[in-house]
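A structural walkthrough
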Amino acid sequence: MDIRKRRYALVIDSRKCINCKACAVACKAENEVAVGNTRNWINEDRQGEYPKLRIDFEPEQCHHCEHPSCVRVCPTGASWQRKDGIVLVAADDCIGCRYCMIACPYDARYFQEETGTVGKCTLCSHRIDKGNIPACVETCPSKVRVFGDLEDPTSRIHELLATRRYHVKEPQTGNGPQLYYLL
């Protein structure tokens with residue numbers, strides 16, 4: 001049995017994103033996300049005007065923070081973090097107060113009207129537990145996302161973070177986001 005510590009994260013190379021939204025479609029299909037809700041999305045930054053127009057695409061989702069504010073504010077413990085860093089919501093314990101939605105600096109949670117609970121990206125933990133990668137990573141034709149274990153010095157994610165410049169969003173919150181955007 002492998003008992004070494006794991007810390008899952010994503011590296012995102014936005015320059016490779018073509019805005020095909022395959023990641024969002026794969027996520028919805030894999031996780032049966034209701035119409036009107038989304039667990040991941042693509043931000044668009046438009047600069048200039050035609051014919052000198054530039055559009056940058058940037059994938060976004062839950063950052064599975066090291067010190068998640070959403071977990072700290074949850075009054076029932078429904079928002080919780082696994083030992084490998086994945087942040088989840090236990091639907092049976094969620095009372096729908098939405099404190100976690102307010103606390104998230106990435107706007108990565110949504111309210112599910114049909115269940116009265118909050119939903120979010122699970123990093124496809126059910127797939128990871130079986131040794132697979134998240135659906136959004138697997139389906140991306142331009143390989144924008146790289147999934148891996150930060151504790152594994154031989155992983156591709158470890159190599160990218162050691163050799164490339166990157167940034168995280170909203171570092172001032174103290175949450176310790178685990179989505180790393182390559183520069």
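Residues numbered from 1 in each chain as written. Predicted model: local features only at pLDDT ≥ 70, side-chain atom pairs only at ≥ 80, totals over all residues. Heavy atoms only, no water.

A few words now on the pairing of strand S8 (residues 145-149). Most of S8 sits out of view: five of its five residues are buried. By the alternation rule, side chains of S8 split into Arg145, Phe147 and Asp149 and Val146 and Gly148, which are all buried. The pairing of strand S1 (residues 8-12) with S8 spans five bridges and is classified as antiparallel. For Ala9, the partnering residue across the bridge sits in S8 and is Gly148. (Buried < 20%, exposed > 50% of the residue type's maximum accessible area, 1.4 Å probe, protein only. Helix = DSSP H or I, 4+ residues; strand = E, 2+ residues; numbered from the N terminus. Pairing = 2+ DSSP bridges.)

Enumeration over the complete set of coordinates arrives at ten salt bridges. The salt bridge partner of Lys169 is Glu60, with a shortest N-O separation of 2.7 Å. Of the two residues, Lys169 sits in the loop between strand S9 (166-167) and strand S10 (179-182) while Glu60 sits in strand S3 (residues 52-61), which places them 109 residues apart along the sequence. Residue Lys169 is classed as buried on the basis of its relative accessible area of 16%. A salt bridge links Asp84 to Arg82; the shortest N-O distance between them is 2.6 Å. Connected through salt bridges with shared partners, the residues Glu30, Arg127 and Glu138 form a single ionic network. (Salt bridge = Lys/Arg side-chain N within 4 Å of Asp/Glu carboxyl O.)

What follows is about the pairing of strand S7 (residues 117-120). Neither face of S7 is exposed, since Thr117 and Gly119 on one face and Val118 and Lys120 on the opposite face are all buried. Bridge count for strand S6 (residues 109-112) against S7 is four bridges, and the pairing is antiparallel. Bridge assignment links Tyr110 to a residue of S7, and that residue is Gly119. If you look at the hairpin formed by S6 and S7, you'll find four residues sitting between the two strands, and Gly116 has a positive phi there, around 70 degrees.

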